[in-house]
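# Survey of secondary and tertiary structure
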Amino acid sequence: MRIVIVGATGNVGTAVLRRLHGVGHELVGAVRRPPDEGAAPYDGVDWHRVDVAQPEAALQLERAFAGADAVLHLAWLLQPNRREAVMRATNVDGTWQVLSAAARAGVPHVVVVSSVAAYSAGPKTTRVGEDWPTGGIHSSHYSRHKAATERLFDEFEARHPDVVLTRVRPGLVFQRDAATEVGRLFVGARRPRRWIGRLRPPVLPMPREVISQAVHADDLADALARIIELRAPGAFNIAGEPVLDPEQVRRVIGARTVVPVPRAVVRAAMWTGWVLGVQAADPGWLDIATNVPVMSTERARRDLGWTPQRRSTDALREMLDGVGDAAHLPASPPLARQGGRAAAAPRHRHRLGATAGRA
């Protein structure tokens, strides 16, 4: 199969390349900053330089997609979160560029990675399926953008019923190679981060409502590969076990006890720290963790034959240890120690909801 991966050098894309290498596929990567092509897992890939936020991406993507059996779309910006229009140009408008180019190129299967954050607020004590509403959490830019792309997927399916579109909604995605990038995105590029992986506090102050799901990047990559190889349609929730509640997090970091802290207090502290530039993460991430539902992964296990090989707690520990060790992947611009600069403001943006120029 000829498989094109948009955003192939990031956290998920790197894991996908590891999974797909050596099984006979022709791999194509479309990225803003090409990697060191001589280093695994980036070797043997046909690289195209494309910035999906720019108008010239329309033709560049169509060329890269020519003859493809499947396109996997992973490109996404988490920063600069003080310039939401810049992020939206990649996350929302860029997604439409990818979908439109795939339709023009006659690609039969498009796989898009959404998120648990696309879901509207839901239960933490029972699990929801892929039919839960995807209205997002409106106080989070990440969730707003994920919900907006879900509407684009709806529109694309209505316009192109001949194209198989698969939506994948994972929880938090962890791996050691992405540790430095994660620290840079959420703590800050100029803030000390090594203490995070080495911290063993006697108590863990944490709101009771912080209940999340996580998956190791390699397990998500396996699910994506199975979806592509089976040309499986529809939506799939992907997450490892167990659910990461305060007690599970306490065990991972080695604290003796959890001290419940009111959510409002933590949110106010995060907001203040973000406004003052103390940390890069805005309080919308807390809103996601305390509001999105717990997902059922029954469909992925049944229809894909997928089973996660890593426990979510082990994936979290691997990530924290990687942050403490400043783990990185030098061959990948996003995952390298220094990372890349925030994207420049786009020269042109497509307006969500506009129909002019859509495929």
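Above this text sits the structure in question.
Please read these numbers as outputs of a predicted model, since none were measured by experiment.

Here we take up the side chain of Ser115. Take Ser115: it is sitting in the loop between strand 5 (109-113) and strand 6 (127-128). Given the relative accessible area of 4%, Ser115 is considered buried. At 2.9 Å, the side chain of Ser115 and the backbone nitrogen of Ala117 are in polar contact. Those residues within four positions of Ser115 in sequence are excluded, and the remaining contacts are Tyr142, Lys146, Val168, Arg169 and Pro170.

Attention now goes to the packing of helix 9 (residues 263-275) against helix 10 (residues 284-291). Across the interface, helix 9 lies against helix 10 with an axial gap of 9 Å and an inter-helix angle of 155°. Classified by the angle between their axes, helix 9 and helix 10 sit roughly antiparallel to one another. For the pair formed by helix 9 and helix 10, the contact residues are Arg263, Val266, Arg267 and Met270 on the first element and Leu286, Asp287, Thr290 and Asn291 on the second.

For the rest of this paragraph, the subject is helix 10. The buried fraction of helix 10 amounts to seven of the eight residues, a majority that puts the element mostly inside the structure. Along helix 10, the positions that sit buried rather than exposed are Gly284, Trp285, Leu286, Asp287, Ile288, Ala289 and Thr290. Turning to helix 10, the residues buried within the fold contact helix 4 (141-159), helix 5 (179-186) and helix 9.

Next up on the list: the nonpolar core. Counting 70 residues, the largest nonpolar core has Ile5, Val16, Leu17, Leu72, Leu220, Leu224 and Ile238 as the members making the most contacts within it. With eight residues, the top contributor of residues to this core is helix 7 (residues 217-230). Not counting chain neighbours up to four residues away, the residues in contact with Leu224 comprise Val12, Val16, Leu72, Val111, Val113 and Val168. In terms of nonpolar packing, the next biggest core, distinct from the first, is built from 28 residues, Val6, Val52, Ala102 and Val112 among them.

A few words now on the sheet that holds strand 2 (residues 26-31). Read across the open sheet, the seven strands follow the order 3-2-1-4-5-7-11; overall the sheet is parallel. Unpaired on one side and paired on the other, strand 3 (46-49) and strand 11 (234-238) mark the two borders of the sheet. Between one strand axis and the next, the sheet turns through 20° on average, direction left out of account. This element, helix 2 (residues 57-65), spans strand 1 (2-6), strand 2, strand 3 and strand 4 (70-73) of the sheet and lies at about 150° to strand 1. Relative to strand 5, helix 7 is tilted by about 160°, and along the sheet it contacts strand 1, strand 4, strand 5, strand 7 (164-170) and strand 11.

Scoring rules and cut-offs
- Residues numbered from 1 in each chain as written.
- Predicted model: local features only at pLDDT ≥ 70, side-chain atom pairs only at ≥ 80, totals over all residues.
- Heavy atoms only, no water.
- Helix = DSSP H or I, 4+ residues; strand = E, 2+ residues; numbered from the N terminus.
- Buried < 20%, exposed > 50% of the residue type's maximum accessible area, 1.4 Å probe, protein only.
- Polar contact = N/O pair within 3.5 Å; in protein donor to acceptor, adjacent residues only side chain to side chain.
- Contact = heavy atoms within 4.5 Å.
- Axes fitted to C-alpha atoms, helices over the stretch in contact; angles between N-to-C directions.
- Parallel < 35°, antiparallel > 145°, perpendicular 65-115°, else oblique.
- Core = buried A, V, L, I, M, F, W, Y, C linked by side-chain atoms within 4.5 Å.
- Pairing = 2+ DSSP bridges.

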